[in-house]
Amino acid sequence: QLQLVESGGGLVQAGGSLRLSCAASGRTFSSYAMGWFRQAPGKEREFVARFTRYGVNTYYADSVKGRFTISRDNAKNTVYLQMNSLKPEDTAVYYCAAKDRYSGSDYSSREYDYWGQGTQVTVSS
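Within each chain, residue numbers correspond to sequence positions counted from 1 in written order. Given that the model is predicted, a residue must reach a pLDDT of at least 70 before its local features are reported, and side-chain atom pairs must reach 80 or more before they are shown or counted; all residues, however, enter totals for whole chains, interfaces and linings. Excluded from the side-chain calculations are hydrogens and water; all other atoms, namely the structure's heavy atoms, are used.

Caption draft 1: The overall build of the protein chain, seen in detail. Every helix listed is a DSSP run of H or I at least four residues long, and every strand listed is a run of E at least two residues long, numbered separately from the N terminus. Counting secondary structure elements, the protein chain contains 0 helices and 11 strands. Starting at the N terminus and ending at the C terminus, the protein chain contains elements arranged as β-β-β-β-β-β-β-β-β-β-β. What the globule rule says is 2.2 Å times the number of residues to the power 0.38, and the radius of gyration is computed from C-alpha atoms. Expected size for 125 residues packed as a compact globule is a radius of gyration near 14 Å; at 13 Å, the protein chain falls within 12% of this value. Expressed as lengths along the three principal axes of its C-alpha atoms, the size of the protein chain is roughly 40 × 30 × 25 Å. When accessible area is computed with a 1.4 Å probe and restricted to protein chains, residues below 20% of their type maximum are described as buried, those above 50% as exposed, and intermediate ones as partly exposed. Looking at the protein chain residue by residue over its 125 residues, the buried ones come to 48%. Residue contacts follow a heavy-atom distance rule, with two residues in contact if any of their heavy atoms lie within 4.5 Å. When contacts within the protein chain are restricted to residue pairs at least 6 apart in sequence, those whose partners lie at least 24 apart make up 56%. Just so you have it, the protein chain exposes about 6200 Å², and 46% of that area is on carbon and sulfur atoms. Residue-level accessible areas treat just the shown protein chains as cover; the underlying method is Shrake-Rupley with a 1.4 Å probe.

Caption draft 2: Inspection of the pairing of strand 9 (residues 92-99) at higher detail. Burial analysis of strand 9 places 8 of its 8 residues in the buried class, the great majority of the element. Here strand 4 (residues 33-39) runs beside strand 9; their pairing, made up of 7 bridges, is antiparallel. Opposite Q39, over in strand 9, you have V93 as the bridge partner. Only strands that DSSP links by at least two bridges are regarded as paired with each other. Note: strand 9 against strand 10 (residues 114-115), 2 bridges, orientation antiparallel. Bridge pairing in strand 10 links A98 to Y114.

Caption draft 3: Region of the structure containing unusual backbone geometry. Within the chain, Y54 stands out as a residue other than glycine whose phi angle is a positive 65°. For S85, which is not glycine, the phi dihedral falls at a positive 50°. Positionally, S85 belongs in the loop between strand 8 (78-83) and strand 9. On the basis of relative accessible area, S85 is assigned to the partly exposed category, the value being 40%.

Caption draft 4: Seen up close, the nonpolar core. Here, the term nonpolar core denotes a set of buried Ala, Val, Leu, Ile, Met, Phe, Trp, Tyr and Cys residues that are joined through side-chain atoms within 4.5 Å. Residues L4, M34, W36, L81, M83 and Y94 are the most contacted members of the largest nonpolar core, which totals 35 residues. Mapped onto this core, the elements with two or more residues apiece are strand 3 (18-25), strand 4, strand 5 (46-51), strand 7 (68-73), strand 8, strand 9 and strand 11 (119-124). In contact with L81, not counting residues within four places along its chain, are L18, R19, L20, W36, V48, A49, F68, T69, I70 and Y94.

Caption draft 5: Quick look at the pattern of salt bridges. Salt bridge, as used here: a side-chain nitrogen of Lys or Arg that lies within 4 Å of a carboxyl oxygen of Asp or Glu. Enumeration over the complete set of coordinates arrives at 8 salt bridges. For D106, the salt bridge identified is with K99, shortest N-O distance 2.9 Å. Residue class for D106 comes out buried when judged on its relative accessible area of 18%. K99 gets classed as buried once you look at its relative accessible area, which sits at 1%.

Caption draft 6: Representation of the pairing of strand 11 within the structure. Residues of strand 11 alternate between two faces, with T119, V121 and V123 buried on one and Q120, T122 and S124 left unburied on the opposite face. Looking at chain direction, strand 9 and strand 11 are connected through 3 bridges and run antiparallel. Within strand 11, the position partnered with V93 by the bridge is Q120.

Rendered as structure tokens:
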């Protein structure tokens, strides 16, 4: 069983930066596809960024491309999301997730098997 714990959310002004962390425990996370998703009030959970298995490739939603960077520290079993040039529309609860199965889209939250509790990011204008 894999456990995920996010941290690093908070309140920031537009144009500011935050770095989210996702610490994995229970199993080594390198063999999982790892992703960040977010959910704003009244909206569906949406894809933000992800690693393929073993961290070979990264992918981003168009809305965050060039502003957010996903990275990982395998020694610490931790995935990060560096968020720069934040906008009010980035306000959401951010979730870290891990996908064990090989089938299904890596962009769909429904295909992920393990989730953290979420961390709130609020960007003021």
